[in-house]
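Chains, contacts and geometry: an overview
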Amino acid sequence: MTREWTLRRNCSLSPRQVARAYAVLCLGSLAVAVGFLVQGIWFVLAFSLLELALVGLALLVYARHATDHERIALSESGLLVTCVQADHRELTRLDPLWTRVVVPDEPRRTLIQLESRGVKVEIGRFVNDSRRRQVARELRQALRSVSAMR
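A quick note: this is a predicted structure, and the numbers were derived from the prediction, not measured.

The rules behind these values
- Residues numbered from 1 in each chain as written.
- Predicted model: local features only at pLDDT ≥ 70, side-chain atom pairs only at ≥ 80, totals over all residues.
- Heavy atoms only, no water.
- Pairing = 2+ DSSP bridges.
- Helix = DSSP H or I, 4+ residues; strand = E, 2+ residues; numbered from the N terminus.
- Axes fitted to C-alpha atoms, helices over the stretch in contact; angles between N-to-C directions.
- Contact = heavy atoms within 4.5 Å.
- Expected span 1.5 Å × (residues − 1).
- Buried < 20%, exposed > 50% of the residue type's maximum accessible area, 1.4 Å probe, protein only.
- Arc of directions from axis to C-beta.
- Core = buried A, V, L, I, M, F, W, Y, C linked by side-chain atoms within 4.5 Å.
- Salt bridge = Lys/Arg side-chain N within 4 Å of Asp/Glu carboxyl O.

So, the sheet that holds strand S2 (residues 69–75)
The strand order across the open sheet formed by four strands is S1-S2-S3-S4, and the pairing between neighbours is antiparallel. Looking at strand neighbours, the two that pair on one side only are strand S1 (2–8) and strand S4 (88–94), the edges of this open sheet. Strand-to-strand, the axes of this sheet are offset by a mean angle of 10°, without reference to chain direction. For strand S3 (residues 78–85) and S4, the ladder comprises seven bridges, and the chain directions are antiparallel.

Comments concerning the environment of glutamine 85
Relative to the assigned elements, glutamine 85 resides in strand S3. Considering only alpha carbons, one finds glutamine 85 and cysteine 26, 59 residues apart in sequence, at a separation of 28 Å. In contact with glutamine 85, not counting residues within four places along its chain, are Asp68, Arg125 and Phe126.

Concerning unusual backbone geometry
Among all residues save glycine, negative phi is the norm, and among peptide bonds the norm is trans. You will see that alanine 86, though not glycine, has its phi angle at about 55°, which is positive. By the secondary structure assignment, alanine 86 is in the loop between S3 and S4.

With respect to helix H3 (residues 129–149)
The end-to-end C-alpha separation of H3 is 30 Å, in line with the 30 Å expected for 21 residues at 1.5 Å each. Those residues of H3 not exposed but buried are Arg132, Val135, Ala136, Leu139, Ala142, Leu143 and Val146. For H3, the arc enclosing every buried residue in end-on projection is 135°, short of the 170-degree limit, so these residues lie on one face. Turned more than 90 degrees away from the buried face of H3, the exposed residues are Ser130, Arg144 and Ala148.

Looking at the nonpolar core
Among the nonpolar cores identified, the biggest contains 21 residues, and Leu79, Val81, Val101, Ile112, Leu114, Ile123 and Leu139 are the most heavily contacted of them. Of all the elements in the fold, those that place two or more residues in this core are S1, S2, S3, strand S6 (112–116), strand S7 (119–123) and H3. Among the elements that make up this core, the one with the highest residue count is H3 (six residues). In this view, leucine 114 contacts Leu79, Val81, Leu94, Thr99, Arg100, Val101, Val119, Lys120, Val121, Ile123 and Leu139; residues no more than four positions away in its chain are not counted.

A few points about the pattern of salt bridges
This model, assessed by the stated rule, comprises nine salt bridges. Taking the shortest distance from any N to any O, the salt bridge between glutamate 70 and arginine 125 comes out at 2.6 Å. Of this pair, glutamate 70 sits in strand S2 while arginine 125 sits in the loop between S7 and H3, placing them 55 residues apart in sequence. By relative accessible area, glutamate 70 is classed as buried at 0%. Arginine 125 gets classed as partly exposed once you look at its relative accessible area, which sits at 28%.

In structure tokens form, the structure reads like this:
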């Protein structure tokens, strides 16, 4: 028996799509700037390059975090929580028989806390409150079924 939950950011564009959109933006902006450069107005090119550099930086930050996710995998052998943010991957293994699911009573921006034998992991940072509560409910039920099987 294995159950999995994957909590992802709600991103419209993948990193590859971001690169393509940026390339199209660069072509359009540089075409206009070169048109002005031919007319002898060079500072349009300078502002165009500055604009493209700043937009490129913003899109780079977006693309680095577009694939951020949290994966929770429950099996009889353990509860494995994987958190991926940009280039950082964190794996935590918890004992399903001793794991407690804690959802604070505060109305907004509260993360699910998984506690097991002194180890605490917060999950749910990439989804909204209703999805977070749904995952907490499903996770509690799945943990109960694992403990009932033993």
